[in-house]
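Descriptive analysis of the structure
Take a look at the letters that make up each chain.
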Amino acid sequence: MTPDDSFTSGVTRPAATQFNFNELIFEDRVHQCIYTEEAIFREEMRKVFGGVWVYLAHESQIPKNDDFVASKLGLRPIIVVRDSTGRIRALYNRCTHRGSTVCRQQQGSAKSFSCPYHGWSYFNSGKISGVPWPDGYADDFSDPKYNLAQVPRVQSYRGFIFGTLNPDMPPLKDYLGGVKKPLDEWLDRHPGGKLTFCDANRLKFNGNWKLLYDNSADGYHVIFSHRSLLAMENRLNEGDDEDKGMSYYKSSPDKAPFYVKVFENGHHYKDKRPAVDTSPGGLWAIEGPHPGMEHYEEIIREKLGDKAGSVLDIASSEPVNINIFPNLHILGNHVQVSQPVSLTETDTTWWGTAVIDDEDELHGCVDAVNALRMRTQESFPNFGELDDLMNFEQIQTGLAGVEDEWVYMHRGLGIPGRIKRDTDGYLIGPPTDEVFLRETMQVYKRLMMNEPNLVIEREIEATPD
Amino acid sequence: MQHDPSRTSYYVGDHFYQSLVDSYADWQTDDAEITDPDLRDTCRMLLEKEARLLDRNKLDDWLTLYVPECLYWVPATPHGGDPRTEIAVCFDDRRRIEDRIYRLQNEFAWSQRPLSRTARLITNISAFSTKDPDTLMVRSTFLTNEFQAGDKRNYTGWYGHKIGFIDGGWKILVKQVNLIDCDQNLRNLSIIL
Ligand code: FES
Ligand SMILES: [Fe+2]
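Think of each chain on its own: its residues are numbered from 1, step by step along the sequence as written. To label them, take the chains in the order written and letter them from A, then take the ligands in the order written and number them from 1. Whole-chain, interface and lining totals are the exception, using all residues; otherwise, since this is a predicted model, local features are given only for residues with pLDDT of at least 70 and side-chain atom pairs are given and counted only at 80 or more. To get the side-chain values, take all heavy atoms of the structure and skip hydrogens and water.

1. Some thoughts on the pairing of strand S12 (residues 195–205) of chain A
Selection criterion: The classification of residues rests on relative accessible area computed with a 1.4 Å probe and restricted to protein chains. Under 20% of the type maximum is buried, over 50% is exposed, and intermediate values are partly exposed. In this description a helix means any DSSP run of H or I spanning at least four residues, a strand means any run of E spanning at least two, and both kinds are numbered starting from the N terminus. By definition, two strands form a pair when at least two bridges between them are found by DSSP.
Within S12(A), ten of the eleven residues are buried, leaving the element largely enclosed by the surrounding structure. Relative to strand S18 (residues 345–355) of chain A, S12(A) is paired through nine bridges, and the arrangement is antiparallel. When the sheet's bridge partners are listed, A:Leu195 is paired in S18(A) with A:Val355. Bridging between S12(A) and strand S7 (residues 186–187) of chain B involves two bridges; their strand directions are parallel. Considered in S7(B), the bridge of A:Lys204 is made with B:Arg187.

This is the structure:
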């Protein structure tokens, strides 16, 4: 095993684990200990959360210079700021003096951060601006070693801010690779290709963070895990129709015309659009009931006539799951972010998104569309995700039976012709296939078998890459 | 035309939202506080009855305490916010609260299997008059203890009930639930608060 050299000063720390991932991760199965071993979790917080590009925040949370929002890179507390010159940085929320956090607010605006413990202060670029009674120091604090540490590489893709500590990572857009296309399509269905965050449904579960990622393109669980949601959404239908919500998963989803696609670096995509009518008004027609739905629909139809369908579709959930390893999920109209808290505790925050309509592409209906979107977005976290999270918790509970070692993910494996490649070379499988999970596990295995070279930055003028 | 709010949602529109935001803006003033012991007792009994029915899992009976065009609202921001532009923890009109009850009673709602047991404490009840003599606002502090699947947890905060005198009795128009940790990540909030 490679020694663990995560201390950049050269201080040696003994290797964290002696696990050999060749023995833990196979094509068809993984060992339960990747979900239950504390030492593996600690390694993930470096090799994955730090070693790859990790989603940190959205630009709409820091619209103006001097705005900041608290975040985390793995377990590291981070302040994502738009500094006074407009540059986006990810500062370690950790005083250089003796380690206290310097910012204790979730979000706000500040030109500088002053440590509550002994009053050292820092500009929002991370540069130290002063310490109380400096004559007590033989040092003039001009050495950059006193500046706040920062994530050396911070890049955005269309409003989504990511950071990595790993100088060997390719640029963000290359790391995203093929997943940029569905992300672009998802954004571009909105006026101006833009969205803004509008608060969130904040959930958590007592389980390992990977359980959520493992589920993110899983089409196998839908009609079982979400049986109560599907029944609820269809309870008021006329006759025997059951066509609301994710009803397209019923009967034989693998024969339906939708698919799961696997991109590089653990990203994947469930495209359910081929299973629904995407002509104008088609998405709106399969929305389950929501507060205010009939009222606003009537107003929009009266106002826009033929054009109403496509405007109502903007208030409807886009039937896609776009999963960006390791912590970002875009589904429906949500931006879902997952955040490991400990080996067996994970926060998952479902950011709502609102439309901004500068060019009046929605013909004066943007407020109605947003009022609808708030309510459509509250539905799944309330009535669907809770059942998923309970199942993840119950996996964590089940895995305590440690002698039963293997977790299987071989659905679709070894069936000739089942998995195909698209013209870009990406794997495509039927919607209930676990191919996405197998491929992600291989990415994870590669990451866990190599010690990345993680660095921090303190030079304020270092050129952004 | 009359619409059945259990089947369609015509009442949740701009007017409803605006009057909601207005009625929750600035109501807890000393001037408006009700001192009449009988009226205060009426409010207390309504809230206690609500808690009792929820603790006994009599959700259909609980809903009879509400007017047809009601609202169950758990804001995600400490100040309530404007639900037209902000996601809430819960924002249930009549149909959605019936959806919620339907799901909780569905045997495949895994987040509530086994069902939670709850014990609610309500205290510090004070009632406030409004411009409309048949409408009151009631503030109370709650502590809801929940036990489920070996795990005990609690939710706490304060309620703002908007109640109306209708057909000779008081009914709940809106229940606003202000969790002290409404802007934090919450684990398995499946129960009705
Ligand atoms: S720890 Fe921040 S000033 Fe001492
Ligand atoms: Fe799910």
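Next comes the rest of the description.
2. Focus: the domain arrangement of chain A
Residue and element names in this part refer to chain A. The condition that has to hold: What counts as a domain boundary in this text is fixed by an automatic or database domain assignment. The contact definition used throughout considers only heavy atoms, calling two residues in contact when any of these lie within 4.5 Å. Note on terms: buried area is the combined drop in 1.4 Å-probe accessible area of two parts once they are placed together, counting the loss on both. Here a polar contact is recorded for every N or O atom pair within 3.5 Å, except that within protein the pair must consist of a potential hydrogen donor and a potential acceptor, and residues adjacent in sequence are included only if both atoms are side-chain atoms. Only Asp, Glu, Lys and Arg are considered charged, only Ala, Val, Leu, Ile, Met, Phe, Trp, Tyr, Cys and Pro nonpolar, and every remaining residue, Gly among them, polar.
The domain architecture assigned to chain A consists of domain 1 (54–157) and domain 2 (194–447). With eight residues of domain 1 at the contact, the number on the domain 2 side is eleven residues. The contact between domain 1 and domain 2 buries some 790 Å² in all, and 62% of this surface belongs to carbon and sulfur atoms. Our count for the domain 1 to domain 2 interface comes out at three residue pairs in polar contact (both at pLDDT 80 or more). No other element matches strand S2 (residues 54–58), which puts three residues into the side of domain 1 that touches domain 2. Looking at the side of domain 1 that touches domain 2 residue by residue, the classes come out as three nonpolar, four polar and one charged.

3. With respect to empty space enclosed by the protein
Rules: Only protein atoms enter the calculation, which uses a 1 Å grid: trapped sets of points that fit a 1.4 Å probe without letting it out are cavities, open sets showing protein on both sides within 12 Å along at least five of seven lines are pockets, and any residue with an atom within 4 Å of a point is a lining residue. Grid points are joined across faces, edges and corners, and a volume is the space filled by probe spheres set on the points.
In this structure the tally under the stated criterion is seven cavities of 30 Å³ or more. For the largest cavity, the calculated volume is near 660 Å³. Taken together, 41 residues line the largest cavity, and the ones lying closest to its centre are A:Met246, A:Lys272, A:Leu331, A:Gly332 and A:Phe380. Looking at the lining of the largest cavity, the elements with two or more residues in it are helix H5 (209–215), helix H7 (227–233), strand S15 (320–324), strand S16 (328–331), strand S17 (334–342), helix H11 (366–383) and helix H12 (385–398) of chain A. No other element matches the four residues that H11(A) contributes to the lining of the largest cavity. Estimates place the volume of the second largest cavity at around 120 Å³. If you trace the second largest cavity, you find 14 residues lining it, with A:Asn201, A:Arg202, A:Leu203, B:Val89 and B:Leu189 closest to the centre.

4. Some points on unusual backbone geometry
Cis geometry marks the peptide bond from A:Phe325 to A:Pro326, where omega comes out at 5°. Its location among the elements puts A:Pro326 in the loop between S15 and S16. Here the amide bond leading from B:Arg113 into B:Pro114 is cis, since omega sits at 0°, within 30 degrees of zero. Its location among the elements puts B:Pro114 in the loop between helix H4 (94–105) and strand S3 (117–129). With phi around 75°, A:Asp66 is a residue other than glycine that occupies positive phi space. Looking at where A:Asp66 falls in the secondary structure, it is placed in the loop between S2 and strand S3 (67–73). The residue B:Ala149 is not glycine, and still its phi comes out positive at about 50°. Given the relative accessible area of 48%, B:Ala149 is considered partly exposed.

5. Some points on the interface of chain A and chain B
Operational definition: Only one rule defines a salt bridge in this text: a Lys or Arg side-chain nitrogen within 4 Å of an Asp or Glu carboxyl oxygen.
Opposite the 43 residues of chain A that make contact, chain B presents 43 residues. A buried area of about 3,900 Å², summed over both sides, lies between chain A and chain B, and 50% of it is on carbon and sulfur atoms. Joining chain A to chain B, the criterion identifies four salt bridges. A salt bridge links A:Asp387 to B:Arg103; the nearest nitrogen and oxygen atoms lie 2.6 Å apart. Summed over the shared surface of chain A and chain B, the result is 34 residue pairs in polar contact (both at pLDDT 80 or more). If you list the elements that add at least two residues to the side of chain A that touches chain B, you get S12, helix H6 (222–225), H7, helix H9 (293–304), S18, H11 and H12 of chain A.

6. Considering the environment of A:Gly108
Residue and element names in this part refer to chain A. Topologically, glycine 108 is positioned in strand S6 (residues 107–109). Between the C-alpha atom of glycine 108 and that of valine 69, which follows or precedes it by 39 residues, the distance is 6.6 Å. Leaving out residues up to four positions away in the same chain, glycine 108 has contacts with Asp66, Asp67 and Phe68.

7. Thoughts on the packing of H11(A) against H12(A)
Residue and element names in this part refer to chain A. Short version of the rule: Between the N-to-C directions of two axes lies an angle of 0 to 180 degrees, each axis being a line fitted to C-alpha atoms and, for a helix, fitted only over the stretch in contact. For classification, angles of less than 35 degrees are called roughly parallel, those exceeding 145 degrees roughly antiparallel, those between 65 and 115 degrees roughly perpendicular, and all remaining angles oblique.
Orientation of H11 relative to H12, taken along the N-to-C sense of each, is 30°, at an axis distance of 4 Å. With respect to each other, H11 and H12 are oriented roughly parallel. Here Phe380, Pro381, Asn382 and Phe383 of H11 come into contact with H12, specifically with Glu385, Leu386, Asp387 and Asp388. Looking at the contact of H11 with H12, its residues break down into four nonpolar, one polar and three charged.

8. Brief notes about the pattern of salt bridges
All names here are of chain A. As enumerated under the stated definition, the model contains 40 salt bridges over all chains in all. Here lysine 204 and glutamate 345 are joined by a salt bridge, their closest N and O atoms 2.7 Å apart. Here lysine 204 is found in strand S12, whereas its partner glutamate 345 is found in strand S18, with 141 residues between them in sequence. Here lysine 204 falls in the buried class, since its relative accessible area comes to 16%.

9. Considering a negative patch on the surface
All names here are of chain A. The line we're drawing: In this scheme, patches are assembled from residues that exceed 30% relative accessible area and form no salt bridge. Like charges are connected within 9 Å, while nonpolar side chains (Val, Leu, Ile, Met, Phe, Trp, Tyr) are connected within 5 Å. The method behind every accessible area is Shrake-Rupley, applied with a 1.4 Å probe, and residues are considered shielded solely by the protein chains displayed. Only four residue types enter the charge count: Lys and Arg as positive, Asp and Glu as negative, with His and the chain ends excluded. Charged side chains are reduced to one point each, which is NZ for Lys, CZ for Arg, CG for Asp and CD for Glu.
A contiguous patch of negative charge, built from Asp140, Asp143, Glu459 and Glu461, is present on the exposed surface. Here aspartate 140 is to be found in the loop between strand S9 (128–130) and strand S10 (153–157). For aspartate 140, a relative accessible area of 60% puts it in the exposed group.

10. So, the coordination of the iron ion (ligand 2)
Residue and element names in this part refer to chain A. As a reminder of what qualifies: Metal coordination here is assigned from N, O and S atoms located within 2.8 Å of the ion, or within 3.2 Å for Na, K and Ca; omission of water means that sites may look incomplete. For four-coordinate sites, all angles between 85 and 135 degrees define a tetrahedron; for four- and six-coordinate sites, opposite donors beyond 155 degrees with the remaining angles between 65 and 115 define square planar and octahedral shapes respectively, and all other cases count as irregular.
In this structure, His221 (NE2), His226 (NE2), Asp388 (OD) and Asp388 (OD) serve as the protein donors to the iron ion (ligand 2), at separations of 2.1 to 2.6 Å. Coordination at the iron ion (ligand 2) is irregular, judged from the four donor atoms that bind it and the angles of 54 to 137° they form at the metal. Spacing between the donor residues of the iron ion (ligand 2) along their common chain follows H-x4-H-x161-D. Residue histidine 226 is found in the loop between H6 and H7, and its partner aspartate 388 is found in helix H12; the two are separated by 162 residues along the sequence.

11. With respect to the sheet that holds S6(A)
All names here are of chain A. Spatial strand order, S5-S4-S3-S6: four strands in an open sheet with antiparallel pairing. Edge positions in the sheet fall to strand S5 (88–92) and S6, since each of these pairs with one other strand and no more. Averaged over neighbouring strand pairs, the angle between their axes works out to 30° when direction is ignored. Judged from the five bridges that link them, strand S4 (residues 76–82) and S5 form a sheet pairing that is antiparallel.

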